[in-house]
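Residue-level listing of the chains:
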Amino acid sequence: MLSHMRIWSAIDRLAEKNKLSASGLARRAGLDPTTFNKSKRASPDGIPRWPSTESIAKILDATRTEISAFLGFQEAPTSHRSHATRHVPLLGLAQAGAGGFFDDGGFPAGQGWDAIEVPATVGDNVFALEVSGDSMMPLYRNGDTIIVARDKQCRKGDRVVVRTTDGEVMAKILHKKTGRAVELTSLNTAHKNRTVAVRDIDWMARIIWASQ
């Protein structure tokens with residue numbers, strides 16, 4: 001199955017096969033040298049960017065590679081993949097809102113979680129949440145997966161997931177935080193902005209990556 005990470009992995013492996021860097025591969029195909037840079041693979045707020053079909057067609061032509069061979073590059077050897085990805089716990093929003101699923105630090109507790117493969121660059125102390133409903137539209141849709149970091153400082157303008165002490169889980173934009181309350185702006189304008197007292201917040205985590 002095609003995925004964001006596998007397509008980029010195939011491009012990297014095609015470059016390696018031809019003894020090129022990602023930039024060198026782009027140059028050989030007549031593309032901007034930065035086309036396949038790591039920084040181009042996700043937006044500043046973590047939303048994955050896919051390579052264009054035109055750029056893929058050009059690198060296949062430049063390296064005389066059949067599309068079937070290129071698709072075969074998606075499955076990197078285990079030793080290569082282990083350095084590029086890792087697995088983190090995956091929860092549904094309903095699980096995140098239920099009691100008993102987190103330890104005192106706000107991380108998934110126990111064993112038996114589903115897991116998702118994510119780029120190793122997301123760092124440690126993170127977990128994934130599967131979006132349900134339309135409250136996060138238009139940025140995140142039903143079925144998308146977001147990666148949140150509990151140990152990252154949340155600043156004004158960050159996209160965050162907040163869990164209240166009564167089990168409500170919401171994804172918002174952090175507008176303002178004081179010693180008494182947190183003001184949250186809705187991603188979806190059809191949903192109201194919220195102000196939540198600090199004492200009523202169980203945890204707040206910054207959204208650092210999304211798989212769509």
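For the structure itself, look to the data block above.
This report concerns the structure included in the present document. (Residues numbered from 1 in each chain as written. Predicted model: local features only at pLDDT ≥ 70, side-chain atom pairs only at ≥ 80, totals over all residues. Heavy atoms only, no water.)

### A word on helix α3 (residues 53-63)
Argument step 1. Within the sequence span of α3, burial applies to S55, I56, I59, L60 and T63. For α3, the arc enclosing every buried residue in end-on projection is 135°, short of the 170-degree limit, so these residues lie on one face. For α3, the exposed residues lying more than 90 degrees away from the buried face are T53, E54 and D61.
Argument step 2. Buried residues in α3 make contact with α1 (4-17), α2 (22-28) and α4 (67-72).
Argument step 3. R64 occupies a position one or two residues after α3 and carries a positive phi of about 55°. (Buried < 20%, exposed > 50% of the residue type's maximum accessible area, 1.4 Å probe, protein only. Helix = DSSP H or I, 4+ residues; strand = E, 2+ residues; numbered from the N terminus. Arc of directions from axis to C-beta. Contact = heavy atoms within 4.5 Å.)

### Details of α1
An α-helical segment advances 3.6 residues per turn. Residues three or four places apart therefore align on the same side.
Argument step 1. The end-to-end C-alpha distance of α1, which contains 14 residues, comes to 20 Å, matching closely the 20 Å that a straight helix rising 1.5 Å per residue would cover.
Argument step 2. Summarising the contacts, the buried residues of α1 are in contact with α2, α3 and α4.
Argument step 3. Trailing α1 by a residue or two, K19 shows a phi angle of about 55°, which is positive. (Expected span 1.5 Å × (residues − 1).)

### Observations regarding the nonpolar core
Within soluble globular proteins, side chains that are nonpolar tend to cluster in buried spots.
Argument step 1. Of all hydrophobic cores here, the largest spans 17 residues; its most connected members are I11, L14, L25, L31, F36, I59 and F70.
Argument step 2. Sorting the residues of this core by element identifies α1, α2 and α3 as the ones contributing at least two each.
Argument step 3. In this view, L14 contacts L25, I59, L60, T63, T65, F70 and F73; residues no more than four positions away in its chain are not counted.
Argument step 4. Membership of the second largest hydrophobic core comes to 16 residues, among which are L91, Y140, I146 and I207. (Core = buried A, V, L, I, M, F, W, Y, C linked by side-chain atoms within 4.5 Å.)

### Looking at the packing of α1 against α3
Argument step 1. Axis separation between α1 and α3 bottoms out at 12 Å; the angle between their running directions is 25°. In terms of orientation, α1 and α3 fall into the roughly parallel class. In the packing of α1 onto α3, the handedness of the crossing is left-handed. Across from I7, I11 and L14 in α1, the residues of α3 making contact are I56, I59, L60 and T63.
Argument step 2. Split by residue class, the contact of α1 with α3 holds six nonpolar, one polar and no charged. (Axes fitted to C-alpha atoms, helices over the stretch in contact; angles between N-to-C directions. Parallel < 35°, antiparallel > 145°, perpendicular 65-115°, else oblique. Left-handed = near helix turned anticlockwise from the far one by under 90°. Nonpolar A, V, L, I, M, F, W, Y, C, P; charged D, E, K, R; others polar.)

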